[in-house]
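# A closer look at the structure
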Amino acid sequence: ADPAKFPAYLRFDGIDDGMQTGNIDFTGTDKMTVWAGVTKLSDALVALIAEFGLALPLGGFYVTAPNVIGPNFGFASRGTSSQWSVTAAGHPAPKSVVLAGIGDISGDIASIRVNGVATTAIADQGTGNYGNYPLYIGTRGGTALFFNGRLYSLIVRGTQSSQSQIEACELYSKIQMKLP
């Protein structure tokens, strides 16, 4: 393949593909920004693009495609209290998008941007920081919620990002995907 014309990506089949990192220590922050350039190929089952920790533990987050069965994307963040999830509806598969998930535990914010358009939820996430967990990519722990689609880019930043930083990473992901 010619990478100048055809972008590189990881292909997840929605059946049994996934990846896992070693532990990543985000215990020094209660703010998170996650970007992903993805093509979602199915709306039939809830699927994880990326999840920090297994089954959204205290100090975890995830990005989904879809978040609930149907045409949507989602992001969730969790402090010491219940998780808070936000869903951006109206995005039927197949769909190529740039996502940005924004979590702020102390600020009680969970937000997802789909191609620059934000859907935000404000609810009590409790207190605390993010954890020290593996990052699961395309699956929940290698056993469930398998993503069906392509992942072109994934950036995880354990701090609050400015608007210009969010937009710069969105543009980077868009370029990686060769989107207009």
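An account of the accompanying structure is given in this report. (Residues numbered from 1 in each chain as written. Predicted model: local features only at pLDDT ≥ 70, side-chain atom pairs only at ≥ 80, totals over all residues. Heavy atoms only, no water.)

## Observations regarding the nonpolar core
To keep it simple, the criterion reads: By convention a nonpolar core is built from buried Ala, Val, Leu, Ile, Met, Phe, Trp, Tyr and Cys residues, the set being connected through side-chain atoms within 4.5 Å. The rule is simple: take the accessible area with a 1.4 Å probe, protein chains only, and divide by the maximum for that residue type; under 20% is buried, over 50% is exposed, in between is partly exposed. Each helix is a run of DSSP H or I of at least 4 residues and each strand a run of E of at least 2, with the numbering of both proceeding from the N terminus. Contacts between residues were defined by any pair of non-hydrogen atoms, one from each residue, lying within 4.5 Å.
Counting 29 residues, the largest nonpolar core has V38, I49, F61, F73, F75, L99 and I112 as the members making the most contacts within it. Elements with a minimum of two residues in this core: β3 (31-40), β4 (48-52), β5 (61-64), β6 (72-77), β7 (84-89), β8 (95-104), β9 (109-114) and β11 (132-137). No other element matches β3, which puts four residues into this core. Those residues in contact with L99 that lie beyond four places of it in its chain are V34, W35, A36, V38, I49, V63, F73, I112, R113 and V114.

## Comments concerning the environment of A8
Examined against the element boundaries, A8 turns out to sit in the segment before β1 (10-13). Distance in space between the C-alpha atoms of A8 and F52 is 24 Å, their sequence separation being 44 residues.

## Quick notes on the packing of aromatic side chains
What counts here: Aromatic pairs are defined between Phe, Tyr and Trp rings, using the six-membered ring for Trp, whenever the two ring centres lie within 6.5 Å; interplanar angles under 30 degrees are classed as stacked, those over 60 as edge-to-face, and all others as tilted. Think of it as a cone above the ring: NZ of Lys or CZ of Arg counts as a charge over the ring if it is within 6 Å of the ring centre and within 35 degrees of the ring normal.
Tallied over the entire structure, the rule returns seven aromatic pairs. Between F52 and F61, the aromatic rings sit 5.3 Å apart at their centres with planes inclined by 15°, giving stacked as the arrangement. Residue F52 is classed as buried on the basis of its relative accessible area, which comes to 0%. For F61, a relative accessible area of 0% corresponds to the buried category. With 5.4 Å between their ring centres and 70° between their planes, F52 and Y133 make a pair best called edge-to-face. Separated by 81 residues along the polypeptide, F52 in strand β4 and Y133 in strand β11 bring together distant segments of the chain. Assessed through its relative accessible area of 23%, Y133 is described here as partly exposed. Clustering of aromatic rings is evident, with ring pairs tying together F26, F52, F61, F75, Y130 and Y133. Between K40 and the ring centre of F73, over which it is positioned, the NZ or CZ distance is 4.4 Å. Seen from the ring of Y9, R150 lies directly overhead, with NZ or CZ sitting 5.2 Å from the centre.

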